[in-house]
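Structural overview for review
Chain by chain, the residues:
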Amino acid sequence: MKVLWISAAIFSDVEEKQSGVWQKALALKLSANTDIQLYNIAYQNKSKDIIQNDFSNIKQWGIPRVGKNRNGYPPEKVVLFFKNIVKEINPDIVHIWGSENAFKLLPLDNDSPGIKVISMQGVLGSIAEVLLSGLTFRELISTIGIRELIKRENLFSLQRSFFYDASVEEKMIKKCSHIITQSEWTESQIKPINRDAHYYRIHRVLRTSFIEAKKWTEFDHKTTIIYSAAVGYTLKGLHVLIKALSIVKSVYPDVELRLAGSVGRKDFIGDGYIRLIHRMINKFGLQRNIIWLGAISASEIVRNLQEATVFVNPSYVESYSLVVAEAMSVGTPSVISNAGAMPELAENNKEALFFSPGDYRQCAHKIIRLLSDPDYAKELSVKAQMRATYRNSIIDTATEQIKIYQKIRQVEETKKGDQI
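All of the points below concern the structure found in this document. Fair warning: this is a prediction, and the values are worked out from it, not measured in the lab.

1. Observations regarding the pattern of salt bridges
- A complete count under the given rule lists 15 salt bridges for this structure.
- Glu187 is the partner of Arg201 in a salt bridge, and the nearest nitrogen-oxygen pair spans 3.1 Å. In this pair, Arg201 sits in strand β8 (residues 198–201) while Glu187 sits in helix α7 (residues 184–190), placing the two residues 14 residues apart along the sequence.
- A relative accessible area of 38% means that Arg201 is categorised as partly exposed.
- What makes Glu187 buried here is its relative accessible area of 17%.
- Across the salt bridge formed by Arg258 and Glu256, the nearest N and O atoms sit 2.7 Å from each other. Each member of the pair Arg258 and Glu256 is classed as buried.
- Within this structure, Arg147, Glu148, Asp271 and Arg275 form a network of salt bridges that share partners.

Structural data, given as structure tokens:
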């Protein structure tokens, strides 16, 4: 079976520190199967030229993401190159990963060979609706500075772009007869758009370093440490966590918040949202309580989860939440926003503590509860580990993925038989 992936990046030996980590793990497992020939086309190549760069036995092409026509499609040169490559491969399955740009509409054209399936990752329409949540109009305006004026980009325009991309995403969903989701929540968001599609469910692959890591209960936690990866878009809820931290500090003055993820420049020409976060940090006197870790490797994430007293994810929306699954696998007691698909990963008050999205007071209350009751924190840790171990042991994602490909082919063959 020839399977062509349409993805966000080409794979290499360099360890990813932010996105794509689970996708690479799955690609390697699939490519090891002798019944699968895997190809990959990525539309985020940083080079100005189209490159061909094989990885393991995966044939790959990187297409530079430059320019676009008025209809949102890439330049005609890119479109022609893409069509020629797909025609040359003549894939059985074309697997589109995500719906974040109009390039991924190209394989859904009727003249493009192969059976099309789309894997929903983030649901752009749902993201657009909550992107600015928890921020006052005054706070939103305050994020507009020199950088935003020069680039003519700000949080308001970012939200508009998400709504536009959501309209493109809707076209993809309507065009596709086979859709893979990672959660019931994701399916609930997109099924109203296309109820006639065939839906499939699959879980993300956890990296071995998390599954085989020493568990949280094997470490001493004398230092009060909160670990989070709530860095990036406003929807990740870092502003909620900073407000919650100000309350936690009133009880635990030496609390340390470790933040993983790249934020770029932090000065006056840095990102407007991060500048707002720094003003909030100064307002609450939290300068000495926060450590910016930047983008970190899997082993560094594991170490921080082991050392942390509590893990927090204050996100407003998640279609799965790999960071929550990783924290549960290590066993770090977790405080999680009751948003998106995250409640599907853990049971409230048993395997994790949930709080209402955006409610920083409740978030702080849940954190303090775990910090003040080590026995309860350990109980949550043990049960989270058990849930994660069970989830990881019963799932062979590569096998699941191949079965889905086989089901898709069977469905299409049955359709052809009915038409004859």
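2. Concerning the pairing of strand β6 (residues 115–119)
- Within β6, five of the five residues are buried, which leaves the element mostly enclosed by the surrounding structure.
- Side chains of β6 alternate between two faces, with Ile115, Val117 and Ser119 and Lys116 and Ile118 buried alike.
- Where strand β5 (residues 93–97) and β6 come together, five bridges link them in parallel fashion. Counterpart to Ile96 in the pairing with β6 is Ile118.
- The sheet contact formed by β6 and strand β7 (residues 178–181) spans two bridges and is parallel. Looking at the pairing, Ile118 lines up with Ile179 of β7.

3. Side note on the side chain of Ser319
- Summarising the element assignment, Ser319 is placed in the loop between β12 (310–313) and α12 (322–330).
- Here Ser319 falls in the buried class, since its relative accessible area comes to 8%.
- In this structure the side chain of Ser319 is engaged in a polar contact, spanning 2.5 Å, whose partner is the backbone oxygen of Gln121.
- Beyond its immediate sequence surroundings of up to four residues, Ser319 is in contact with Gln121, Gly122, Gln182, Ser183, Trp185, Thr186 and Ala341.

4. Brief notes about the packing of helix α9 (residues 238–251) against helix α10 (residues 272–283)
- Axis separation between α9 and α10 bottoms out at 10 Å; the angle between their running directions is 5°. Relative to α10, the element α9 lies roughly parallel. Counting all contacts with α9, which are made through Leu238, His239, Ile242 and Lys243, the residues of α10 involved are Tyr273, Ile277, Met280 and Ile281.
- Of the residues contributing to the contact of α9 with α10, the split by class is six nonpolar, one polar and one charged.

5. Observations regarding the packing of aromatic side chains
- As enumerated under the stated definition, the model contains seven aromatic pairs in all.
- Ring centres of Trp5 and Phe11 lie 6.2 Å apart, and the angle between their planes is 75°; this geometry places the pair in the edge-to-face category.
- Overall, Phe11 belongs to the buried group, its relative accessible area being 3%.
- Both rings, one in Phe137 and one in Phe156, keep their centres 6.1 Å apart while their planes meet at 50°; by these two values the pair is tilted.

Definitions and cut-offs
- Residues numbered from 1 in each chain as written.
- Predicted model: local features only at pLDDT ≥ 70, side-chain atom pairs only at ≥ 80, totals over all residues.
- Heavy atoms only, no water.
- Salt bridge = Lys/Arg side-chain N within 4 Å of Asp/Glu carboxyl O.
- Helix = DSSP H or I, 4+ residues; strand = E, 2+ residues; numbered from the N terminus.
- Buried < 20%, exposed > 50% of the residue type's maximum accessible area, 1.4 Å probe, protein only.
- Pairing = 2+ DSSP bridges.
- Polar contact = N/O pair within 3.5 Å; in protein donor to acceptor, adjacent residues only side chain to side chain.
- Contact = heavy atoms within 4.5 Å.
- Axes fitted to C-alpha atoms, helices over the stretch in contact; angles between N-to-C directions.
- Parallel < 35°, antiparallel > 145°, perpendicular 65-115°, else oblique.
- Nonpolar A, V, L, I, M, F, W, Y, C, P; charged D, E, K, R; others polar.
- Phe/Tyr/Trp six-rings, centres within 6.5 Å; stacked < 30°, edge-to-face > 60°.

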